[in-house]
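Chain by chain, the residues run as shown.
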Amino acid sequence: MARFDVELERFEGAPDVPALARALGLDEATARALASSAPRVVKRGLSEAEAERFFHALRDLGARVRLHRVEALRRAPASDPAPSDLPLPDFDEPAFDEPASAARPASPVAAVGVP
C-alpha cells in the first residue's frame, strides 16, 4: 500500500492562519510558524485518501501543495537471522600481512616520543 507525504510549498498570498490551524489540527501559533517556514512537509506517511484530503484542504486555503509517494519500510521475514546470529569476522589475526620490520610501538605515546 502506497504512503504519501504532504508538502506545503508556499501560499499564494497571505495565509488564513486560523483556517490552516483547523485543517491541520494545530494551534494558531504553530500554524503561523508552519506557514512562514514553507516549503515544509506537513504530514508524513498518509494513505492516498488522507493525503488527497489534506492536499485539497490546503489548496482551498490558497497553498501550493505537493504529494510525495514514499516507500514503506520492508520488515524482514521471521526466517531471517537476528543481527546477533550473524557471523562476525575473527579480529584476533591481522587482516593483512605485516613485514617483520614494521614493529608497532607499545603505546601511541611512545610512537611520538612523548616522555
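Preceding this section is the structure that the text describes.
Residues numbered from 1 in each chain as written. Predicted model: local features only at pLDDT ≥ 70, side-chain atom pairs only at ≥ 80, totals over all residues. Heavy atoms only, no water.

## Side note on the overall build of the protein
- Secondary structure assignment for the protein yields four helices and three strands.
- Walking the protein from its N terminus toward its C terminus, one meets helices and strands in the order β-α-α-β-α-β-α.
- In the protein, which comprises 115 residues, the proportion classed as buried is 21%.
- Counting contacts in the protein only where the partners sit at least 6 residues apart, residues at least 24 apart contribute 74% of the total.
- A total of about 8,900 Å² of accessible surface is found on the protein, and carbon and sulfur atoms cover 54% of it. (Helix = DSSP H or I, 4+ residues; strand = E, 2+ residues; numbered from the N terminus. Buried < 20%, exposed > 50% of the residue type's maximum accessible area, 1.4 Å probe, protein only. Contact = heavy atoms within 4.5 Å. Areas by Shrake-Rupley, 256 points an atom, 1.4 Å probe, with all protein chains shown as cover.)

## Remarks on the pattern of salt bridges
- All chains considered together, the criterion is met by four salt bridges.
- Ionic pairing is found between Arg44 and Asp5, a salt bridge with its closest N-O pair at 3.5 Å. Of this pair, Arg44 sits in strand E2 (residues 40-46) while Asp5 sits in strand E1 (residues 3-11), and the two are 39 residues apart along the sequence.
- Judged by relative accessible area, which is 60%, Arg44 ranks as exposed.
- Asp5 gets classed as buried once you look at its relative accessible area, which sits at 9%. (Salt bridge = Lys/Arg side-chain N within 4 Å of Asp/Glu carboxyl O.)

## Topic: the packing of aromatic side chains
- Counting across every chain of the model gives zero aromatic pairs.
- The ring centre of Phe54 lies 4.6 Å from the NZ or CZ of Arg53, which sits over that ring. (Phe/Tyr/Trp six-rings, centres within 6.5 Å; stacked < 30°, edge-to-face > 60°. Lys NZ or Arg CZ within 6 Å of the ring centre and 35° of its normal.)

## Examining the side chain of Glu9
- For Glu9, the location among the structural elements is in strand E1.
- The residues contacting Glu9, other than those within four sequence positions of it, are Ala38, Pro39, Arg64 and Arg66.

No statement about biological role is implied by the geometric values presented.
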